[in-house]
Amino acid sequence: MGRLKRKWMSALGVLVIGIGIAAGGETGMAKEKHKDIINVSHRGASGYAPEHTIISYNMGEKMHGDYIEVDLQMTKDGKLIAMHDEKLDRTTNGTGLVKDYTLEEVKKLDAGSWFNEKYPQYANTEYAGIQVPTLEEVFQTFGKNKKYYIETKSPEVYPGMEKELLRLVNKYDINKETLLVQSFSSASLLKMNELDPSIKLVQLLSYRTNAAITDAEIAEIKKYAIGVGPNYTYLNQEYVQKVVESGLEIHPYTVNDKETMKKLIDWGVTGMFTNFPDLLHEVKKGK
């Protein structure tokens, strides 16, 4: 679309919204925009409960999260577990790298007490001693029709991670229509694409200054992915609209306050990650 035409179109959009507001409240278009936003429970409802635990994922469900987000690490004996860091130290009472421990050893760790200490306002005695779940246990608990948003973490550290992920997706007959697999590693996503082209992929991006994306970058990402996941901090409206106009989804992370949620929705994002899925649910309902 030429610059002049685009300007004309956006002016027309403003005019339409203006007329809608003048005619009495929010336009149907703006309402629709709110309704269709994907609400991704970031590490579960991790603002309220220990991240990447069955309790946290359950809470995300109850708070109207559309997707459970699961970060993957791999144990010494090749089992996929739900954990954000390569190291055990932050979210368990263990120390060292996940890859140096067997699943049996990881299962002995306490994955909840740290949360009670760090967030006393949300502490719960039930959190003490809860286990790190395997991806298999997550699938067994929530079933094949739950929406999963799975990240291959540090795939260069874990050869075969993508193959094992796909094996479990197939074993549990996970709905591939809704399944999303994300990674910062384009190599990992390309590997997933090679193993099963039907899996929908999202390219994670991290910006340390004002976000900008070229047409060439978008074209490259579109070869294998259906969307991008940038950190929201340095986003701007032009970036969001450029991505959406190209036909890609855009799911920024990690948005934890209502004002930012509203702003991003107004800019045109198609979803977002939040530690507080109940807040995004309220925003989507116009509260």
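Within each chain, residues carry numbers counting from 1 in the order of the written sequence. Given that this is a predicted model, residues contribute local features only at a pLDDT of at least 70 and side-chain atom pairs are listed and counted only at 80 or more, while totals for whole chains, interfaces and linings are drawn from all residues. The basis for the side-chain values is all heavy atoms of the structure; hydrogens and waters are excluded.

Confidence of the predictor in every single residue is expressed as pLDDT, which spans 0 to 100. Residues of the protein chain with pLDDT of at least 70 account for 88%, and the chain-wide mean is 91. Pairs of residues are marked as contacts when any of their non-hydrogen atoms sit within 4.5 Å. Considering only residues more than four positions removed or in separate chains, one finds that residues 3-31, a stretch of pLDDT under 50, has eleven contacts.

A separate point is the pattern of salt bridges. Any carboxyl oxygen of Asp or Glu that lies within 4 Å of a side-chain nitrogen of Lys or Arg is treated as forming a salt bridge with it. Applying the stated criterion across every chain, the model contains 16 salt bridges. Between aspartate 215 and lysine 242 there is a salt bridge, with the nearest N and O atoms lying 3.4 Å from each other. One end of the pair, aspartate 215, is in helix α9 (residues 215-222); the other, lysine 242, is in helix α10 (residues 237-245), with 27 residues separating them in the sequence. Burial here depends on accessible area, computed with a 1.4 Å probe over protein chains only, as a share of the maximum for the residue type. Under 20% is buried, over 50% is exposed, and the range in between is partly exposed. Judged by its relative accessible area of 56%, aspartate 215 is exposed. For lysine 242, a relative accessible area of 31% puts it in the partly exposed group. The partner of lysine 223 in a salt bridge is glutamate 220, and the shortest N-O contact between them spans 3.0 Å. A cluster of three or more residues bridged by salt bridges with shared partners is formed by Arg43, Glu51, Asp85 and Arg90. We count a stretch as a helix when DSSP gives it H or I for four or more residues in a row; a strand needs E for two or more, and each element gets its number in order from the N terminus.

When two helices pack together, you describe them by how their axes are tilted relative to each other and by the distance separating the axes. Between helix α6 (residues 135-142) and helix α7 (residues 161-171), the shortest axis-to-axis distance is 10 Å and the interhelical angle comes to 20°. In terms of axis orientation, α6 runs roughly parallel to α7. You can see that α6 and α7 cross each other, and the crossing is right-handed. On the side of α6, the interface is formed by Leu135, Glu136 and Phe139, while α7 contributes Leu165, Leu168, Val169 and Lys171. Its residues assigned to classes, the contact of α6 with α7 shows five nonpolar, no polar and two charged. Think of each axis as a best-fit line through the C-alpha atoms, taken over the contacting stretch in the case of a helix, with angles from 0 to 180 degrees between the N-to-C directions. Each angle is binned into one of four classes, with values under 35 degrees roughly parallel, values over 145 roughly antiparallel, values of 65 to 115 roughly perpendicular, and all other values oblique. For a crossing to be left-handed, the near helix must be turned anticlockwise from the far one by less than a right angle; the clockwise case is right-handed. Under the scheme applied here, ten amino acids are nonpolar (Ala, Val, Leu, Ile, Met, Phe, Trp, Tyr, Cys and Pro), four are charged (Asp, Glu, Lys and Arg), and all others, including Gly, are polar.

Here the focus is the environment of serine 113. Of note, serine 113 is situated in helix α5 (residues 113-118). The residues contacting serine 113, other than those within four sequence positions of it, are Tyr127, Ala128 and Gly129.

A cis amide bond links tyrosine 253 with the next residue in sequence, threonine 254, at an omega value of -25°. In this structure, threonine 254 sits in the loop between β8 (249-250) and α11 (258-267). Although it is not a glycine, histidine 52 adopts a positive phi angle of roughly 50°. Within the element layout of this structure, histidine 52 appears in the loop between β1 (38-41) and α3 (54-62). Unlike most non-glycine residues, aspartate 173 shows phi in positive territory, near 55°. Summarising the element assignment, aspartate 173 is placed in the loop between α7 and β5 (180-183).

Along the chain, the position of asparagine 275 falls in the loop between β9 (271-274) and α12 (277-284). Here asparagine 275 is in contact with His42, Ala45, Ser46, Gly47, Tyr48, Thr254 and Asn256, once residues within four sequence places are set aside.

What follows is about the pairing of β9. Burial along β9 is two-sided: the residues Gly271 and Phe273 and Met272 and Thr274 are all buried. Taken together, the four bridges between β1 and β9 define a ladder with parallel strand orientation. Residue pairing for β9: asparagine 39 is matched across the bridge by methionine 272. Whether two strands pair depends on DSSP finding at least two bridges between them.

Another point: the pairing of strand β2 (residues 67-74). Extensive coverage of β2 is indicated by the burial of eight of its eight residues. Neither face of β2 is open: one carries Tyr67, Glu69, Asp71 and Gln73, the other Ile68, Val70, Leu72 and Met74, and all of them are buried. Pairing of β1 with β2 involves two bridges; the strand directions are parallel. Residue pairing for β2: serine 41 is matched across the bridge by isoleucine 68. One ladder, built from five bridges, connects β2 with strand β4 (residues 148-152); its direction is parallel. Residue glutamate 69 lies in a different strand from β4, and its bridge partner there is tyrosine 149. Linkage of β2 to strand β3 (residues 80-82), two consecutive antiparallel strands, is achieved through a turn of five residues, within which glycine 78 is found at a positive phi near 80°.

Turning our attention to the packing of α11 against α12. Running from amino to carboxyl end, α11 crosses α12 at an angle of 50°, the nearest separation of the two axes being 10 Å. Between α11 and α12, the angle falls in the class oblique. Two packed elements cross with a definite hand, and for α11 against α12 that hand is right-handed. In this structure, α11 uses Lys258, Met261, Lys262 and Ile265 to contact α12, whose residues at the interface are Leu279, Leu280, Glu282 and Val283.

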